[in-house]
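Now for the letters of each chain:
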Amino acid sequence: MGKFDFSKLENRTNTMSAKWDKREEIFNNKDILPLWVADSDWQTAPAVKKSLLKRAEAGIFGYSFADQSIEKAVVNWLKKRFDLIINKDWLIFDTGVVPAINFTLKAICEDNDAVIIQPPVYRPFFSAVKNNNCQLIENELINKNGHYKMDLNNLEEQIKAAKAKGRNVRAMIFCSPHNPVGRVWEESELLELLRLLKKEDIYLLSDEIHADLVYPGAEHHPVLKLLLEREEFKSYRKKVISYLAASKTFNIAGLHTSYTIIESKKLREAYNQAKDGFGTGNSPFGLIALKTAYNEGEEWLEEQLKYLKENYDFLQEFLEAEIPKLKLIKAEGTYLVWLDCSQLGFETDAELIKFMNQKAEVGLNPGRWFGDAGSMYMRLNLACPRQRLKQGLNRIKKAAADL
Ligand SMILES: Cc1ncc(COP(=O)(O)O)c(C=O)c1O
């Protein structure tokens, strides 16, 4: 074991945990082993916990804001981890990436504008488009023998068709790394996408919340970095918004803090105006946790990444040996894995879900939650002690034995 312990079986019940304490409500089975919502079953980095305890000691929890020390922590982290150099003035602090995406659409869209997403993808993207009275353009990813790719030819055709009907194709909400299929997009794929969006004059909303969680062999490229490095994108940068957080990386999602990067002053102003009146101030705990995670959490993150990779390898070997009909889609990043369940022999998604929840008693996210393209898939969260992961896999194995 390294310096930090990711194998401890923490008891999360009766902690108001969405993952653990809503089992009956969500899965209709209080005994399921929850391997769904995207948080981790281990404690955050010790330094983060210590800073929160210290902040709690102060006993005063009034309205707070992100001061210069937090801006500096974010600027340094992006430089150190991704070689992305930003100006601190481009930063806006938010209570989450999902609200931030909603505010962005509110700032830039008019009713009936079209907004592109690439399913199967994180469900709140669909909702953000609908919340803002916009029309969805779904450019489904292509699954080629278990490797997902963007279908940019189809995207270009769909943009043309929408424009021909007089529709304003305003924005794309992009997931990088991609939840749920685990792709960490390559530089060449990103550049191809950026060139198309620039040509069509479409805003890019780049959700990079999983940026830190990448397996060996893959590298996360922030779109903003690619843009800043290339003269050809100088004028397009004003249409790009990036969203990041320490929430997944350091298991502090419940502290509701994220940050949005907008280089264009005009767009920043429009964005802040869209937020006005929604009560979007940050909690002092979220801000302190973010700052400490970025200033002191790197060693912990490196160890966590190793543990996640070992969990991933364990899962892969287990499935191949014990449940070969359950096919793992190779993940390059995120602790969420995408399972192709089409060979288990179910006719409908409802049967598959019933099998997982009631027979195997594991709580996974149904693939359909991520759009129709997720039919006959399930998403599993492997950010838990290996023993717990093994328990869940054994449950599936036992239940699948008589299929
Ligand atoms: C791609 C993606 N974006 C956003 C979120 C949630 O972000 P937040 O809690 O900051 O709103 C998640 C959580 O799973 C996610 O996977």
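Residues numbered from 1 in each chain as written. Predicted model: local features only at pLDDT ≥ 70, side-chain atom pairs only at ≥ 80, totals over all residues. Heavy atoms only, no water.

Undergrad: Go over the overall build of the protein chain, please, and point to the residues and values.
TA: Per the secondary structure count, the protein chain includes 14 helices and 15 strands. The principal-axis extent of the C-alpha atoms belonging to the protein chain is close to 60 × 60 × 40 Å. Burial statistics for the protein chain: of 403 residues in total, 56% are counted as buried. Intrachain contacts of the protein chain at a sequence separation of at least 6 include 74% that bridge at least 24 residues. Of the roughly 18,100 Å² that the protein chain leaves accessible, carbon and sulfur atoms contribute 48%. Charged side chains in the protein chain number 57 positive and 56 negative. The centres of these two groups are separated by 2 Å. (Helix = DSSP H or I, 4+ residues; strand = E, 2+ residues; numbered from the N terminus. Buried < 20%, exposed > 50% of the residue type's maximum accessible area, 1.4 Å probe, protein only. Contact = heavy atoms within 4.5 Å. Areas by Shrake-Rupley, 256 points an atom, 1.4 Å probe, with all protein chains shown as cover. Lys, Arg positive; Asp, Glu negative; His and termini not counted. Charge placed at Lys NZ, Arg CZ, Asp CG, Glu CD.)

Undergrad: Outline the site of the ligand, supporting the account with residue identities and numerical values.
TA: Neighbouring the ligand are the residues Ala 38, Gly 96, Val 97, Val 98, Pro 99, Tyr 122, Cys 175, Asn 179, Asp 207, Ile 209, His 210 and Lys 248. Within the backbone of Val 98, a nitrogen or oxygen atom sits 3.0 Å from an oxygen atom of the ligand. Asn 179 is positioned with one of its side-chain polar atoms (N or O) 2.8 Å from an oxygen atom of the ligand. Protein burial of the ligand: of its 400 Å² of free accessible surface, 90% is covered by the chains. With three residues, helix H5 (residues 97-108) is the single largest residue contributor to the shell around the ligand. A per-class count over the shell around the ligand returns seven nonpolar, three polar and two charged. (Near = heavy atom within 4 Å. Polar contact = N/O pair within 3.5 Å; in protein donor to acceptor, adjacent residues only side chain to side chain. Nonpolar A, V, L, I, M, F, W, Y, C, P; charged D, E, K, R; others polar.)

Undergrad: Got a sec to walk through the pattern of salt bridges? Specific residues and values, please.
TA: Considering all chains together, one arrives at 37 salt bridges under this definition. Between Glu 10 and Lys 8 there is a salt bridge, and its shortest N-O distance comes to 3.7 Å. With relative accessibility at 18%, the residue Glu 10 sits in the buried group. A salt bridge links Glu 156 to Lys 160, with the shortest nitrogen-to-oxygen separation between them at 3.6 Å. Of the two residues, Glu 156 and Lys 160 both sit in helix H7 (residues 152-164), four residues apart, roughly one turn of that helix. The partly exposed category is assigned to Lys 160, whose relative accessible area is 48%. Among the charged side chains, a salt-bridge network with shared partners connects Arg 12, Lys 19, Asp 39, Asp 41 and Arg 388. (Salt bridge = Lys/Arg side-chain N within 4 Å of Asp/Glu carboxyl O.)

Undergrad: Which residues make up the confidence of the model for the protein chain, and what are the values?
TA: When pLDDT is averaged across the protein chain, the result is 97; 100% of the residues are at 70 or more. Across the protein chain, strand S8 (residues 203-207) holds the top mean pLDDT of 99, while helix H2 (residues 23-27) sits lowest at 95. (pLDDT = per-residue confidence, 0-100.)

Undergrad: Describe the packing of aromatic side chains, naming the residues involved and giving the relevant values.
TA: The geometry of two aromatic rings is summed up by the distance between their centres and the angle between their planes. For the structure shown, the criterion picks out 22 aromatic pairs. Note on Phe 6 and Trp 42: the rings are 5.2 Å apart at their centroids and 75° apart in plane angle, and the pair reads as edge-to-face. Remark: Trp 42 occurs in the loop between strand S1 (33-34) and helix H3 (46-57) and Phe 6 occurs in the segment before helix H1 (18-21); sequence separation between them is 36 residues. Among the aromatic residues, those joined into a ring-pair cluster are Phe 6, Trp 42, Trp 77, Phe 93, Phe 250, Tyr 259, Tyr 294, Trp 300 and Tyr 307. Over the aromatic face of Phe 126 sits the side chain of Arg 123, whose NZ or CZ is 5.6 Å from the ring centroid. (Phe/Tyr/Trp six-rings, centres within 6.5 Å; stacked < 30°, edge-to-face > 60°. Lys NZ or Arg CZ within 6 Å of the ring centre and 35° of its normal.)

Undergrad: Outline the environment of Leu 244, supporting the account with residue identities and numerical values.
TA: Relative to the elements of secondary structure, Leu 244 occurs in strand S9 (residues 240-244). Leu 244 sits in the buried class, given a relative accessible area of 6%. Apart from the residues within four sequence positions on either side, Leu 244 is in contact with Leu 78, Val 97, Glu 208, Ala 211, Ser 258, Tyr 259 and Ile 261.

Undergrad: Which residues make up the environment of Trp 36, and what values go with them?
TA: Tracing the backbone through its elements, the reader meets Trp 36 in the loop between S1 and H3. Sequence separation of Trp 36 and Ile 159 is 123 residues, and the distance between their C-alpha atoms is 34 Å. Aside from chain neighbours lying at most four places away, what touches Trp 36 is Ala 18, Lys 19, Ile 26, Phe 27, Leu 336, Gly 363, Leu 364, Asn 365, Arg 379 and Asn 381.

Undergrad: Help me get a handle on helix H8 (residues 187-200), residues and values and all.
TA: With 14 residues, H8 extends 20 Å between its outermost C-alpha atoms, agreeing within 8% with the 20 Å of an ideal straight helix rising 1.5 Å per residue. At the exit of H8 stands Asp 201, carrying a positive phi of roughly 60°. (Expected span 1.5 Å × (residues − 1).)

Undergrad: I'd like to hear about the UniProt feature "domain: Aminotransferase class I/classII large" (unreviewed entry) in the protein chain, residue by residue, with values.
TA: The positions UniProt marks with the feature "domain: Aminotransferase class I/classII large" (unreviewed entry) are residues 44-396. Between the C-alpha atoms that bound residues 44-396 there is a distance of 29 Å. The span itself is 43% helix and 16% strand. (UniProt positions renumbered as here; feature names shortened; annotations may be inferred.)

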